[in-house]
Amino acid sequence: MNRAPETLRSPPTLSRILLAWLLAPLFVLLVVSGFLTYRYAAHLAETERDLALEEVTDDVKDDVIAELKSKGSIDPGSLTLHLLLSDNRDHRYFAVYDDSGVLLGGDPRLPRGQTSPGNTERALFSTIALGDDALRLATMKGDEDAIPGYEILVAETMTRRNHLALRLSRAVLIPQALVILLAIPLVLYGIRRGLRPIDMLRNTITRRSPQELNDLSSSGTPRELLPVVAALNGLLLRVRTAQEEQRRFTTDAAHQIKTPLASLKAEIDLALSDPAHACAQPVLQRLGADANRLAHLVQQLLALAHTEAQGRSGLTLLDLTELAKEITEAFLPIADAHHIDLGFDGPEHTIPIRGNAVLLREAMKNLVDNALKFTPDGGTVTVSVDDTPPGFSVADSGPGIPQEERAHVLQRFHRSHDSAAIEGSGLGLAIVQQVALSHTANLHVGESALGGALFSLTFEDRAAGQS
Ligand SMILES: Nc1ncnc2c1ncn2[C@@H]1O[C@H](COP(=O)(O)OP(=O)(O)OP(=O)(O)O)[C@@H](O)[C@H]1O
Ligand SMILES: [Mg+2]
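Residues numbered from 1 in each chain as written. Chains lettered and ligands numbered in written order. Predicted model: local features only at pLDDT ≥ 70, side-chain atom pairs only at ≥ 80, totals over all residues.

Student: Looking at this structure, how should I read the site of ligand 1?
Tutor: As a structural note, the neighbourhood of ligand 1 is formed by 23 residues, with Asn370, Ser416, Gly424, Gly428 and Leu429 the closest of them. Residue assignment for the shell around ligand 1 shows that the elements contributing at least two residues are helix H8 (357-374) and helix H9 (428-438). Looking at side-chain class alone, the shell around ligand 1 contains nine nonpolar, twelve polar and two charged residues. (Near = placed C-beta within 6 Å. Helix = DSSP H or I, 4+ residues; strand = E, 2+ residues; numbered from the N terminus. Nonpolar A, V, L, I, M, F, W, Y, C, P; charged D, E, K, R; others polar.)

Quick look at the structure:
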């Protein structure tokens, strides 16, 4: 038989383990209780039935003495004896001996000698075997004129006793078993309630975005989970530190490159304006373009590092309409240069949101820059703002972004093949997404009514935008 590898088997749930550990002792207790209950019930049944057997023995004694007095002999088939000994469930046997041990009547298989000498009132009881049957034997001894030193023995099979013991045991055990069965859902409910803090901790962790690396709160956390929360917070601190170091490295590296790059560009510009280098003009122009691309890359790297470092800090109340108008106006010269109809569409009133103006400007700039860059000359680009829910979008009449590529364009350094001829470092949309994350806003990539691409950034709602 093929056994599933250890890793493929689904691990047991904590509630099941707890349930098993709680119910196992209960079942053991039920078995022990069953055993003890049956023993006690058997004892009760024996005491009860012994009393009844003693009464029968006493009646048999009275009948036998009366017969001996009146007839001088015992008729084992007499009606009275028959009635006394008959029972619809058990078989009864009797025997009468005189003081010399002579059987005066009854069944000779019943053994004598069970009574203490001189006991005339009470019967003594013992359990004997008769053939395959176990019998309860009552022996009563007395002294009468008719039979001096008589010994009356009455025995009965144990069907009634066993039934009574079983009935008594069942009466106790069935309710006990039902209580345990009823306890299963209740215990399970209790366990689930008890484990709720674990679910809450899990939900808190899964709801977090990759950027939310602040400590988990330990308020309301049960003491057993505090070490787990502390360990997770330790891990979060290490991740934060590592991220911070990586960010600082990127920023430092970008800054380190910036200064020599600026002097390189200045040198190239100087050489380009020097007639002595006329024959090197094409090479110098290519070098100048490369230097510009490099400067743009450094600029984008710095912007991305800055966006990541800001996170949710620096949020202030600002007007989305004003911000979008400002960016649109800033790009008008570039749009004019390419005969692109760059327009603004939105309400005249303010749309207040809580946001980081520097980051939102950066996001809008990248989106408008993309729209103007990828839309052929003579096209249309529209910047829109919306009130409910608050948000802004940039639509263009360019080539658009194929459905299958929309998830990838947000990745760092991703550039589609079609845009290879257009300059860019592939970081603009990564910056926009980072800004969306730091504002808990939703970034949507789709198709615009103008036929090209549509990028929209929507804040969950006005309240969330203002939180
Ligand atoms: N408006 C658009 N229309 C068509 N394609 C676009 C549009 N915006 C982005 N893209 C595609 O997504 C890719 C990634 O865009 P992104 O802004 O991240 O990089 P980039 O513009 O190439 O470089 P950078 O923004 O860093 O200068 C682009 O190279 C382009 O292929
Ligand atoms: Mg871009």
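Student: Any chance you could explain helix H7 (residues 320-337) here in plain terms?
Tutor: Owing to its 3.6 residues per turn, the α-helix brings residues three or four apart onto one side. Here H7 contains 18 residues, and its C-alpha end-to-end distance of 27 Å stays within 8% of the 26 Å for a straight helix at 1.5 Å per residue. Along its length, H7 reaches its greatest deviation from straightness, about 40°, at Phe331, and the proline Pro333 lies no more than four positions downstream. Looking at the buried positions of H7, the neighbouring elements they touch are strand S6 (316-319), strand S7 (341-345), strand S8 (352-355), H8, strand S9 (380-386) and strand S10 (391-396). (Expected span 1.5 Å × (residues − 1). Bend = angle between axes of the 7 residues up to and from the residue. Contact = placed C-beta atoms within 7 Å.)

Student: Would you take a moment to explain the sheet that holds S10 for this structure?
Tutor: Sheet strands pair by backbone hydrogen bonding; their relative direction is either parallel or antiparallel. As summarised here, the arrangement of the five strands in space is S7-S9-S10-S12-S11, forming an open sheet in which the pairing is mixed. Both edges of this open sheet fall to S7 and strand S11 (441-447), since each of them pairs with a single strand only. Recorded for the sheet is a direction-independent mean angle of 10° between the axes of neighbouring strands. Direction of pairing for S10 relative to strand S12 (residues 453-459): antiparallel, over a ladder of five bridges. Bridge pairing in S12 links Phe392 to Leu457. (Pairing = 2+ DSSP bridges. Axes fitted to C-alpha atoms, helices over the stretch in contact; angles between N-to-C directions.)

Student: Just to check I follow, could you spell out the domain arrangement of the protein chain for this structure?
Tutor: Bring the parts together and some accessible area is lost; that lost area is often taken as the interface size. Under the domain assignment used here, the protein chain contains domain 1 (15-167), domain 2 (204-310) and domain 3 (314-466). With twelve residues of domain 2 in contact, the opposing surface of domain 3 contributes 14 residues. Looking at the side of domain 2 that touches domain 3, its residues break down into four nonpolar, six polar and two charged. (Domains from an automatic or database assignment.)

Student: Can you walk me through the nonpolar core in this structure?
Tutor: Within soluble globular proteins, side chains that are nonpolar tend to cluster in buried spots. In this structure, Ala363, Met364 and Val368 are the most contacted members of the largest nonpolar core, which totals 43 residues. Counting residues per element, the ones that place at least two in this core are helix H6 (281-310), H7, H8, S9, S10, H9, S11 and S12. Of all the elements, H8 adds the most residues to this core, at nine residues. Each of domain 2 (204-310) and domain 3 (314-466) contributes no fewer than three residues to this core. Once you skip the residues sitting within four places of it in the chain, Met364 turns out to touch Leu323, Ala324, Ile327 and Phe392. Among the nonpolar cores identified, the runner-up in size contains 23 residues, and Leu53, Val60, Phe94 and Ala138 belong to it. (Core = buried A, V, L, I, M, F, W, Y, C linked by C-beta atoms within 7 Å. Buried ≥ 20, exposed ≤ 12 C-beta atoms within 10 Å, placed from the backbone.)

Student: Explain the sheet that holds strand S2 (residues 103-106) here, please?
Tutor: Taken together, the five strands give an open sheet; going across it, the order is S2-S1-S5-S4-S3, and neighbouring strands pair in antiparallel fashion. Either end of the sheet is taken by a strand with one partner, and the two such strands are S2 and strand S3 (124-130). Averaged over all pairs of adjacent strands, the angle between strand axes in this sheet comes to 20°, irrespective of strand direction. Pairing of strand S4 (residues 133-142) with strand S5 (residues 150-157), which is carried by eight bridges, proceeds in the antiparallel orientation. What sits directly across from Met140, in S5, is Ile152.

Student: How should the packing of H7 against H8 be read in this particular structure?
Tutor: What describes two packed helices is the angle between their axes and the distance between those same axes. For the pair H7 and H8, the least separation of the axes is 10 Å and the interaxial angle reads 35°. Handedness of the H7/H8 crossing: right-handed. On the side of H7, the interface is formed by Leu323, Ala324, Ile327, Thr328, Phe331, Ile334 and Ala335, while H8 contributes Ala357, Leu360, Arg361, Met364, Lys365, Val368 and Leu372. A per-class count over the contact of H7 with H8 returns eleven nonpolar, one polar and two charged. (Left-handed = near helix turned anticlockwise from the far one by under 90°.)

Student: When you look at unusual backbone geometry in this model, what are you seeing that I'm missing?
Tutor: With glycine set apart, most residues show a phi of negative sign, and most peptide bonds adopt trans. Residue Thr388 is joined to Pro389 through a cis peptide bond whose omega torsion reads -10°. Residue position: Pro389 is located in the loop between S9 and S10. Positive phi, close to 65°, is recorded for Phe413, a residue that is not glycine. Within the element layout of this structure, Phe413 appears in the loop between S10 and H9. The exposed category is assigned to Phe413, around which 10 C-beta atoms lie within 10 Å. A positive phi angle, near 45°, is found at Thr440, a position not held by glycine. Residue placement: Thr440 occurs in the loop between H9 and S11.

Student: So what exactly am I meant to see when it comes to the pairing of S2 here?
Tutor: Residues in a regular strand point their side chains to alternate faces of the sheet. Looking at chain direction, strand S1 (residues 92-97) and S2 are connected through three bridges and run antiparallel. Bridge pairing in S2 places Val96 opposite Gly105.

Student: What is the right way to read H9 from this model?
Tutor: Most of H9 is tucked away: ten of the eleven residues are buried. Among the residues making up H9, those that are buried are Gly428, Leu429, Ala430, Ile431, Val432, Gln433, Gln434, Val435, Ala436 and Ser438. Where H9 terminates, the next one or two residues include Thr440, which has phi positive at roughly 45°.

Student: Where do I start with the environment of Ser425 in this structure?
Tutor: Locating Ser425 in the fold gives a position in the loop between S10 and H9. For Ser425, a count of 18 C-beta atoms within 10 Å gives the class partly exposed. Put simply, Ser425 and Gly452 are 27 residues apart on the chain and 21 Å apart in space, counted from C-alpha to C-alpha. Ser425 has contacts with His296, Leu297 and Gln300, leaving out every residue within four places of it along the chain.

Student: I tried to follow the pairing of S9 on my own but got confused; where do I start?
Tutor: Sheet topology places S7 next to S9; five bridges connect them, and they run parallel. Paired with Gly343 across the bridge in S9 is Thr382. Two strands pair when backbone bridges link them, and S9 and S10 are joined in this way by six bridges, in the antiparallel orientation. Its bridge partner being in S10, Ser384 is matched across the sheet by Ser393.

Student: It is not clear to me how the packing of helix H5 (residues 226-273) against H6 should be interpreted in this structure. Could you clarify?
Tutor: For the pair H5 and H6, interaxial distance at closest approach is 9 Å and the crossing angle is 155°. One element, H5, and the other, H6, form an angle in the roughly antiparallel class. Considering only the axes of H5 and H6, their crossing is left-handed. Considered class by class, the residues forming the contact of H5 with H6 number 17 nonpolar, four polar and four charged. (Parallel < 35°, antiparallel > 145°, perpendicular 65-115°, else oblique.)

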